[in-house]
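# Geometric and topological summary
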Amino acid sequence: MSDDDLWDCFGGQDSESDEDTAEDINQKETRLHLINKANSRSQIVNTSSEKSNSDILIGGTSQSSMEGHDDVKTPPAVEMWGHRPPLYMGPMAVIETTNCKRGYIATEDLNPGTLLLVEEPVFKWPEEQIGSELGMLSVQAIMEHEFAQAIVHDIESLYPTRLDVDRVCRKNDGENLIELAAESNEKIQVRDMVEIMQMQHSGGRELEKVMDEAKRKKITCSDQNSSLKAVDEIDVMRMLLALRYNGFDSGLYLHFAMFNHDDDANCVKYLPENEYSKLNEGKTKIYSEIRTTKFVRKGSALTLHYLNPREMSHATRRSHIYEQHRFDIGTKMEEHSLELQEMELVNGKFPVSLKDRKDPVTATSLIENAINDLDTLHKELEIASASSILVDQEIDDTMVELFERCKALEMATHELIQAAQTKLDNKKHILLIRCCRLHLDSSELLLHFGKGGKTSFSLTSNQQSLIWCRFIQTCQTLLPIQIQYLGEHHPDIARTYYDFAIGINLLL
């Protein structure tokens, strides 16, 4: 295996020898290091009455008793990318349900904080695509990648799969008309999305460059008979859809992509960390991990929340998920608990929503627009203030204006919490989580910007005390809403408790 092999960290094929090679030993050390490091960040005490306090996390699995759950029958597991195993996979398996939906289930009872998956992205987005909608630039980058052929073949199994796209898109018009009525809604949506991609990109220069590069490198993919053929336009559109449907902010992960969405998700994905790898002669590799945030029964689905930000109104989630992933979460949340449904009520009623658009003048839309505008301002001020503090420049009119804008932002976000509570007539509405979090972040920015050296500004002790009082008040408002929405073991709860403690300590 070459030293610069992209798949080095995943290991090669089994050796005929029973003895561990130096590479095998190094890989085991890397796995153990990552698992121990991940577990050290999440020493969560299980408070469930059904679990023992002696339950611990070992190697990312929940070492709890299966007594009483051994009779749980699970469907047969589906092997995915056996040639590309993740660095670590915990007690879970991919299954396929009767309606051909794939997803992970727990293969044993899992405690909150259980490590489920550690994986490196098979493809990281090009710089030009970060922060914008994925387009042909990303497909072009795949074609130019050193391991383009391997990535193209691996993408065939991501949704929408190569088999599904071929079944609905590689028919003549007569066949499509005859079989349209028999097609499932999902297959019709797949065909519609491919056609939309074709309308947007066919004949364009970017698509032409992708096809030229694929032809130059002789990139192939499977056809309907599982034989190899040259990549064509439909394949490129399928790849673009697969990137949009399955990609994360940090890149494309194969095994992570098998987690399905749920508004009441029981897992969370952590941002990647850079790890030194002896397997790759000191080259930096990026790993990301997924952990449970709740107690999960054996046989239950393991799910993530697809959206960012996570705290959106039901109407926004519905239109966004339908636009991005082409499935409808429905008009209400009957499958979820009454506590979660309560967090969507506006003036005591569940708001009306549409799958393909959202009403811009509803109370939730207006509040979300205000949050987004203030969040954008916060990011701008955060970047500007960090630059000013780093260069330690003399105080000038620009810095004074920047400081005044930070003060105004802290006040505006605090007032937004009160306005949202009044407008929604619901002190536990899901949008209040974002309102409160934005106020906490804005308060920290204001206080941090006025710290030390030449960049100091005049915040009197009374002004600082008032800011910390509002900060603590916001933490007190935020905590019960977060716990109701996320459960008590979610890492966001720990962050708010930490903020609460810091605020009280500094105020005292």
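Each chain has its residues counted from 1, following the order in which its sequence is written. Predicted model: local features are reported for residues with pLDDT of at least 70 only, side-chain atom pairs are reported and counted for 80 or more only, and whole-chain, interface and lining totals are derived from all residues. To get the side-chain values, all heavy atoms of the structure are used, and hydrogens and water are removed first.

### Digging into helix 7 (residues 205-216)
- The first and last C-alpha atoms of helix 7 sit 16 Å apart over 12 residues, in line with the 16 Å expected at 1.5 Å per residue.
- Among the residues of helix 7, those classed as buried are Leu 207, Val 210, Glu 213 and Ala 214. What you see down the axis of helix 7 is that its buried residues fit within an arc of 130°, all on one side. Exposed side chains of helix 7 directed beyond 90 degrees from the buried face belong to Arg 205, Lys 215 and Arg 216. Helix and strand definitions here come from DSSP, where helices need a minimum of 4 consecutive H or I residues and strands a minimum of 2 consecutive E residues; each element is numbered from the N-terminal end. Expected span of a helix: the number of residues minus one, times 1.5 Å. Partly exposed residues are those whose accessible area sits between 20% and 50% of the maximum for their type, while under 20% is buried and over 50% is exposed, using a 1.4 Å probe and protein chains only. It is the directions from the helix axis to the C-beta atoms whose arc is reported.

### Some thoughts on the pairing of strand 5 (residues 102-106)
- Of all the 5 residues making up strand 5, 5 are buried; the element is thus mostly covered by neighbouring parts of the structure.
- On strand 5, burial covers both faces: Arg 102, Tyr 104 and Ala 106 on one face and Gly 103 and Ile 105 on the other are all buried.
- If DSSP finds at least two bridges between two strands, the strands pair. As paired elements, strand 4 (residues 92-96) and strand 5 share 5 bridges and run antiparallel to each other. Bridge assignment links Ile 95 to a residue of strand 5, and that residue is Gly 103.

### Some thoughts on the packing of aromatic side chains
- Two rings belonging to Phe, Tyr or Trp (six-membered ring only in the last case) form a pair when the distance between their centres is within 6.5 Å. Interplanar angles under 30 degrees mark stacking, angles over 60 mark edge-to-face geometry, and anything in between is tilted. Here the structure, examined in full by the defined rule, presents 7 aromatic pairs.
- Ring plane angle 80° and centroid distance 5.8 Å describe the contact between Phe 123 and Trp 125, whose orientation is recorded as edge-to-face. A single burial state applies to Phe 123 and to Trp 125, both of which are buried.

### Here's the deal with the pattern of salt bridges
- By convention in these notes, a salt bridge is any Lys or Arg side-chain nitrogen within 4 Å of a carboxyl oxygen on Asp or Glu. Tallying each qualifying case throughout the model produces 28 salt bridges.
- With a shortest N-O distance of 3.5 Å, Lys 229 and Asp 232 are connected by a salt bridge.
- For Asp 232, a relative accessible area of 23% gives the class partly exposed.
- Two residues, Asp 375 and Lys 379, come together in a salt bridge whose shortest N-O distance is 2.5 Å. Of this pair, Asp 375 and Lys 379 both sit in helix 11 (residues 363-391), 4 residues apart, which is roughly one turn of that helix.
- Accessibility expressed as a relative area gives 44% for Lys 379, which makes it partly exposed.

### Looking at the nonpolar core
- With 58 residues, the main nonpolar core has Met 143, Ile 155, Leu 158, Val 231, Phe 259 and Leu 302 as its most contacted residues.
- Counting residues per element, this core draws most heavily on helix 8 (residues 233-246), at 9 residues.
- Every residue pair with non-hydrogen atoms within 4.5 Å of one another is taken to be in contact. Once residues within four sequence positions are removed from consideration, Met 143 is found in contact with Ala 148, Val 152, Val 210, Glu 213, Ala 214, Lys 217, Ile 219, Val 231 and Met 239.
- Throughout this description, the term nonpolar core refers to a set of buried Ala, Val, Leu, Ile, Met, Phe, Trp, Tyr and Cys residues connected via side-chain atoms within 4.5 Å. Listed in part, the 43 residues of the second largest apolar core include Ile 367, Ala 420, Leu 424 and Leu 478.

### Some points on the confidence of the model for the chain
- Taken over all residues, the pLDDT of the chain has a mean of 80, while the share at 70 or more is 75%.
- Every residue gets a pLDDT, meaning the predictor's confidence in that residue, from 0 to 100. Low pLDDT, under 50, characterises residues 41-69; the predicted model gives this stretch 61 contacts beyond four residues in sequence or across chains.
- Counting contacts from residues 276-280, a segment whose pLDDT is below 50, to residues more than four positions away or on other chains yields 16 contacts.

### Structural notes on the pairing of strand 6 (residues 115-119)
- For strand 6, a buried count of 5 out of 5 residues is recorded, marking the element as mostly surrounded by other parts of the structure.
- With 2 bridges connecting them, strand 3 (residues 88-89) and strand 6 associate as antiparallel partners. Considered in strand 6, the bridge of Met 89 is made with Leu 117.

### Focus: the packing of helix 12 (residues 397-424) against helix 14 (residues 461-486)
- Here the axes come from fitting lines to C-alpha atoms, over the contacting stretch only for helices, and the angles between their N-to-C directions go from 0 to 180 degrees. Following both chains from N to C, one finds helix 12 and helix 14 inclined at 35°, their axes separated by 12 Å at the closest point. By crossing handedness, the relation of helix 12 to helix 14 is classed as left-handed. Two secondary-structure elements touch here, helix 12 through Glu 410, Met 411, His 414, Ile 417 and Gln 421 and helix 14 through Arg 470, Gln 473, Thr 474 and Thr 477. The sense of a crossing depends on the near helix, which, turned anticlockwise from the far helix by less than a right angle, makes the crossing left-handed and, turned clockwise, makes it right-handed.

### Focus on the side chain of Gln 140
- Topologically, Gln 140 is positioned in helix 2 (residues 136-144).
- The class for Gln 140 is buried, based on a relative accessible area of 10%.
- Here a polar contact is taken to be a pair of N or O atoms separated by no more than 3.5 Å, where protein atoms must pair a possible hydrogen donor with a possible acceptor and residues adjacent in sequence count only if both atoms sit in side chains. Polar side-chain contacts of Gln 140 include one of 3.1 Å to the backbone nitrogen of Val 210.
- For Gln 140, the residues in contact, after removing those within four places along its chain, are Lys 209, Val 210 and Glu 213.

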